[in-house]
Amino acid sequence: MGTLVVAGFVQGMTGFGFGMVSMALLPLVIGIREAAAISTIYTLMMTVATFWRNRGHYDWRLGLPFFVSSCVGVPLGVYFLAKMQTNVLLRFLGAVMLIMAVSQLFFNGLIKPTRPALAMPFGLFSGGLSGAFNLGGVPTAAYAYANGWSRGQIVAFLQVVITSSCLLRILFYQRAGFYAEFSWQFALIIIVPLYLALSSGHYVMQRIHPKHMRQGIFGFIGLFGLYYLFLH
């Protein structure tokens, strides 16, 4: 429960951090496939709540090619997760986390995937990462922030893309048997502390400089990336 509450707090601060933090912590205590499946359920709860706060800013025309291609990428990522060996998945997860952390800490802003020719493959990549590891939020955020949208439009777009990905993943994960041992009663118990953590994150977001918040989160992700890549 503690790992999910921490992830919910980060989601409240950033609008997209739940998947990263939960996938950094959950594989420490459960299998990576079960971690991806459980993380997806609570990511869906978090994104729906965050979208509701920003629903007035959503414009379906913004980022439509990215959105469509990300949905196409989800089943490809789920297939990869279902077929690969666990040790390969953990090392791949670590490599993705480390690359994300390095790119965001040292090369943020250098990649501008806003042109249509780049938006669709970038969306496909995001959907694949979502399907495999629930980590599509970072490339989705990179795409959204590269456009000249308002903060409300960015946050709303993130929630729509991630929510759609979650719904697709739950369908495919269910078919793959990843929820065979999941307790839906336990899922209901965690809802209240998760939403309290989300609200706390929103409160803190107004009082922390975005640069410092970003550095702390991606530094955390980078450390866990090193762990899964070299030490697990």
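Structure first, text after, so check above.
Residue numbers here run from 1 along each chain, matching the order of that chain's written sequence. Whole-chain, interface and lining totals are the exception, using all residues; otherwise, since this is a predicted model, local features are given only for residues with pLDDT of at least 70 and side-chain atom pairs are given and counted only at 80 or more. As a rule here, side-chain values cover all heavy atoms of the structure and leave hydrogens and water aside.

1. Remarks on the overall build of the protein chain
A helix here means a DSSP run of H or I that spans at least four residues, while a strand means a run of E at least two residues long, and both kinds are numbered starting from the N terminus. Assigned secondary structure in the protein chain consists of 10 helices and 0 strands. Traced from its N-terminal end to its C-terminal end, the protein chain shows the element sequence α-α-α-α-α-α-α-α-α-α. The buried share among the 232 residues of the protein chain stands at 52%. Nonlocal contacts in the protein chain, meaning residues at least 24 apart in sequence, comprise 82% of its contacts between residues at least 6 apart. Element-wise, carbon and sulfur atoms account for 68% of the exposed surface of the protein chain, whose accessible area totals about 11000 Å². Buried means the residue's accessible area, taken with a 1.4 Å probe over protein chains only, is under 20% of the maximum for its type, while exposed means over 50%, and partly exposed covers the values in between. Whether two residues are in contact is decided by their heavy atoms: any pair within 4.5 Å suffices. Per-residue and other accessible areas follow the Shrake-Rupley method at a 1.4 Å probe size, with only the shown protein chains counted as cover for residues.

2. Some points on the side chain of Arg33
Along the polypeptide, Arg33 turns up in helix α3 (residues 32–54). The buried charged residue Arg33 lacks any salt bridge partner; its closest oppositely charged side chain belongs to Glu34, at an N-O distance of 6.4 Å. Counting of polar contacts relies on pairs of N or O atoms within 3.5 Å, with two restrictions inside protein: one atom must be capable of donating a hydrogen and the other of accepting it, and residues adjacent in sequence are counted only when both atoms are side-chain atoms. At 3.4 Å, the side chain of Arg33 forms a polar contact with the side chain of Thr86. Among residues more than four places away in sequence, those in contact with Arg33 are Leu81, Ala82, Met84, Gln85, Thr86, Leu89 and Phe178. Counted as positive: Lys and Arg. Counted as negative: Asp and Glu. His and the chain ends are not counted at all. By definition, a salt bridge exists where a carboxyl oxygen of Asp or Glu is found within 4 Å of a side-chain nitrogen of Lys or Arg.

3. Thoughts on the packing of aromatic side chains
Only Phe, Tyr and Trp rings take part, Trp by its six-membered ring, and two of them pair if their centres are within 6.5 Å. Stacked means planes under 30 degrees apart, edge-to-face means over 60, and tilted covers everything else. Here the structure, examined in full by the defined rule, presents 16 aromatic pairs. Their ring planes at 55° and their centres at 6.1 Å tell us that Phe66 and Phe157 sit as a pair that is tilted. Within this pair, whereas Phe66 is found in helix α4 (residues 64–83), its partner Phe157 is found in helix α8 (residues 151–176), the two being separated by 91 residues in sequence. Given the relative accessible area of 0%, Phe66 is considered buried.

4. Observations concerning unusual backbone geometry
Even without a glycine there, the phi angle at Asn134 is positive, about 55°. In this structure, Asn134 sits in the loop between α6 (116–133) and α7 (137–146).

5. Section: the packing of α3 against α8
It is at 8 Å that the axes of α3 and α8 come closest, and there the two elements cross at 150°. Considering the relative orientation of α3 and α8, their crossing is left-handed. Of α8, the residues touching α3 (which contributes Ala36, Ala37, Thr40, Ile41, Thr43, Leu44, Thr47, Val48, Thr50, Phe51 and Asn54) are Gly152, Val155, Ala156, Gln159, Val160, Ile162, Thr163, Cys166, Leu167, Arg169, Ile170 and Tyr173. Partitioned by chemical class, the residues of the contact of α3 with α8 number 14 nonpolar, 8 polar and 1 charged. Here an angle of 0 to 180 degrees is reported between the N-to-C directions of two axes, which are lines fitted to C-alpha atoms, with helices fitted over the stretch in contact. By the definition used in this description, the sense in which the near helix is turned from the far one sets the handedness, with an anticlockwise turn below a right angle giving left-handed and a clockwise turn giving right-handed. Side-chain classes are defined by residue name, with Ala, Val, Leu, Ile, Met, Phe, Trp, Tyr, Cys and Pro counting as nonpolar, Asp, Glu, Lys and Arg as charged, and the others, Gly among them, as polar.

6. Some points on the packing of α4 against α8
As a packed pair, α4 and α8 sit with axes 10 Å apart at the nearest point and diverge in direction by 35°. As for how α4 packs across α8, the hand of that crossing is right-handed. Side by side, α4 and α8 meet where Phe66, Phe67, Ser70, Cys71, Val74, Pro75, Val78 and Leu81 of the first sit next to Phe157, Val160, Val161, Ser164, Ser165, Leu168, Arg169, Phe172 and Tyr173 of the second.

7. Things to note about the layout of surface pockets
The space that makes up the second largest pocket amounts to roughly 310 Å³. Here a cavity means grid points, on a 1 Å grid over the protein atoms only, where a 1.4 Å probe fits yet cannot get out; a pocket means an open set of points with protein on both sides within 12 Å along at least five of seven lines; lining residues are those with an atom within 4 Å of a point. Around the second largest pocket, the lining comprises 18 residues; the ones closest to its centre are Ile30, Glu34, Ile38, Glu181 and Phe182. Mapped onto the lining of the second largest pocket, the elements with two or more residues apiece are α1 (2–14) and α3. Residue composition of the lining of the second largest pocket, by class: 13 nonpolar, 3 polar and 2 charged. Grid points are joined across faces, edges and corners, and a volume is the space filled by probe spheres set on the points.

8. Concerning the environment of Gly177
You can see Gly177 is positioned in the loop between α8 and α9 (184–205). Through-space distance from the C-alpha of Gly177 to that of Arg33 is 9.8 Å; in sequence the pair is 144 residues apart.

9. Some thoughts on a nonpolar patch on the surface
What makes a patch is a set of residues exposed beyond 30% relative accessible area and free of salt bridges, joined within 9 Å when like-charged and within 5 Å when nonpolar (Val, Leu, Ile, Met, Phe, Trp, Tyr). Together, Leu28, Val29, Ile30, Leu223, Leu226, Tyr227, Phe230 and Leu231 make up an exposed nonpolar region whose accessible area comes to about 800 Å². Looking at Leu223, the relative accessible area reads 60%, which means it is exposed.

10. Observations regarding empty space enclosed by the protein
In this approach a probe as big as a water molecule rolls over the atoms, and the regions it shows empty are the leftover space. Applying the stated criterion to the full structure yields 2 cavities of 30 Å³ or more. In this structure, the second largest cavity occupies an estimated 30 Å³ of space. If you go around the second largest cavity, the residues you meet are Ser70, Ser126, Gly127, Ser130, Gly136, Gly137, Thr140, Val161, Ile162 and Ser165. Taken together, the elements giving at least two residues each to the lining of the second largest cavity come down to α6, α7 and α8.

11. With respect to the nonpolar core
We call a set of buried residues a nonpolar core when its members are Ala, Val, Leu, Ile, Met, Phe, Trp, Tyr or Cys and they connect through side-chain atoms within 4.5 Å of each other. Membership of the largest hydrophobic core comes to 48 residues, with the highest contact counts inside it found for Met23, Tyr42, Leu93, Met97, Leu135 and Tyr173. Element by element, the count of residues in this core is highest for α3, at 10 residues. The residues touching Met97, leaving out its near neighbours within four places in the chain, are Met20, Met23, Ala24, Leu135, Ile221, Phe224, Gly225 and Tyr228. The next biggest cluster of nonpolar side chains, apart from the first, holds 11 residues, and it includes Ala119, Ala141, Trp149 and Ile154.

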